[in-house]
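# Coordinates in review
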Amino acid sequence: MNSRPSEHGLAVTNVVVARPCARRQLASDGPLLLWRDAQGGSREGLLLAVNVCDRRFCTTRHVLVEGLRVGEELHSAWIDRGEIVTLHRSDAGAELRSAFLVFVGVDCGDIQARSENGPQERDAIEWLRAELDGELLDTMRERFVRVRDGVRATASEDGARCRAERTGRNEPCPCGSGKKFKRCCLGVPQS
């Protein structure tokens, strides 16, 4: 894993460099890669982007996984502004095939398709289901926990900031009257 500049001038971290001879390429950030033998002696990969809901009151315990089928000509991949970006070793045969969009439960590993899938997508989902053991599920769960903890921490900081910005009873009234807040606008409903 390393970083590279994006087209927007921002550094994009967690670039995964494809190693088709490996079985798996799992990391705490960035895309995940699963590899298997394909017909004709080549290798094919399943490039996975794992997304976690960042809404404060979301109570679901699943991740949204976007999968793309890739070939061994893949050089590297990263995520830039929520999109999977790939770089290929050569232009010849560099084909990305959309594989699927599914929800994966981080506690039990159940997989729910987000939409109707054709035969190729179903094959890719079955591939993911076969690979979804403790190691891969732990990687997804760690990402889920890290993002959800970050959401909670941000919510706590926002709440503390709101409380810190409140005017104390004995402070000068923010209306500019020169009186203490408790003697001026404390009980007045604000519009």
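Residues numbered from 1 in each chain as written. Predicted model: local features only at pLDDT ≥ 70, side-chain atom pairs only at ≥ 80, totals over all residues. Heavy atoms only, no water.

### Quick notes on the packing of aromatic side chains
All chains considered together, the criterion is met by zero aromatic pairs. Directly above the ring of tryptophan 127 sits arginine 36, whose terminal nitrogen or CZ lies 3.9 Å from the centroid. (Phe/Tyr/Trp six-rings, centres within 6.5 Å; stacked < 30°, edge-to-face > 60°. Lys NZ or Arg CZ within 6 Å of the ring centre and 35° of its normal.)

### As for the nonpolar core
With 23 residues, the main nonpolar core has Leu46, Val63, Val65, Phe100, Val104 and Leu128 as its most contacted residues. Sorting the residues of this core by element identifies β4 (32–37), β5 (43–51), β6 (62–71), β9 (97–105), α1 (119–131) and α2 (134–164) as the ones contributing at least two each. Ignoring any residue separated from it by four or fewer positions in sequence, one finds valine 104 in contact with Arg61, His62, Val63, Val65, Gly109, Asp110, Ile111, Leu128, Leu132, Leu137 and Met140. Listed in part, the 11 residues of the second largest apolar core include Val16, Trp35, Ala49 and Leu74. (Core = buried A, V, L, I, M, F, W, Y, C linked by side-chain atoms within 4.5 Å. Buried < 20%, exposed > 50% of the residue type's maximum accessible area, 1.4 Å probe, protein only. Helix = DSSP H or I, 4+ residues; strand = E, 2+ residues; numbered from the N terminus. Contact = heavy atoms within 4.5 Å.)

### Let's talk about a positive patch on the surface
There is a patch of like positive charges on the surface, built from Arg169, Lys180, Lys182 and Arg183. Position of lysine 180 relative to the elements: it lies in the segment after α2. (Patch = residues over 30% accessible without salt bridge, like charges linked within 9 Å, V, L, I, M, F, W, Y side chains within 5 Å. Areas by Shrake-Rupley, 256 points an atom, 1.4 Å probe, with all protein chains shown as cover. Salt bridge = Lys/Arg side-chain N within 4 Å of Asp/Glu carboxyl O. Lys, Arg positive; Asp, Glu negative; His and termini not counted. Charge placed at Lys NZ, Arg CZ, Asp CG, Glu CD.)

### Observations concerning the environment of phenylalanine 57
For phenylalanine 57, the location among the structural elements is in the loop between β5 and β6. With relative accessibility at 69%, the residue phenylalanine 57 sits in the exposed group. Sequence separation of phenylalanine 57 and valine 151 is 94 residues, and the distance between their C-alpha atoms is 9.4 Å.

### A short note on the pattern of salt bridges
All chains considered together, the criterion is met by 13 salt bridges. Between aspartate 123 and arginine 36 there is a salt bridge, with the nearest N and O atoms lying 3.1 Å from each other. Taken as a pair, aspartate 123 in helix α1 and arginine 36 in strand β4 lie far apart in primary sequence, 87 residues in all. Owing to a relative accessible area of 34%, aspartate 123 belongs among the partly exposed residues under this scheme. Residues arginine 69 and aspartate 123 are paired through a salt bridge, measuring 2.5 Å at the closest nitrogen-oxygen approach. Taken together, the residues span a long stretch of sequence, with arginine 69 in strand β6 and aspartate 123 in helix α1 at a distance of 54 residues. Exposure remark for arginine 69: the relative accessible area of 5% places this residue in the buried category.

### Digging into the pairing of β5
Of all nine residues in β5, eight are buried; the element is thus mostly enclosed. The sheet contact formed by β4 and β5 spans six bridges and is antiparallel. Within β5, the position partnered with aspartate 37 by the bridge is arginine 43. If you look at the hairpin formed by β4 and β5, you'll find five residues sitting between the two strands, and glycine 40 has a positive phi there, around 80°. As judged from the eight bridges shared by β5 and β6, these two strands associate in the antiparallel manner. Each bridged residue has a counterpart across the sheet, and for leucine 47 the counterpart in β6 is leucine 68. (Pairing = 2+ DSSP bridges.)

### A few points about the pairing of β4
In this structure, strand β3 (residues 24–25) lies alongside β4, joined through two bridges in antiparallel fashion. Looking at the pairing, glutamine 25 lines up with leucine 33 of β4.

### Thoughts on α1
Taking 1.5 Å as the rise per residue, α1 with 13 residues should run 18 Å; its terminal C-alpha atoms sit 18 Å apart, in good agreement. Buried within α1 are the following residues: Ala124, Ile125, Trp127, Leu128 and Glu131. The buried residues of α1 occupy an angular sector of 155° when projected down its axis, which confines them to one face. Exposed side chains of α1 directed beyond 90 degrees from the buried face belong to Pro119 and Ala130. (Expected span 1.5 Å × (residues − 1). Arc of directions from axis to C-beta.)

### Quick notes on the confidence of the model for the protein chain
Summarising the model, the protein chain shows a mean pLDDT of 80, and 81% of its residues fall at 70 or more. The low-confidence segment residues 1–11, where pLDDT is below 50, has 26 contacts with residues more than four positions distant or belonging to other chains. (pLDDT = per-residue confidence, 0-100.)

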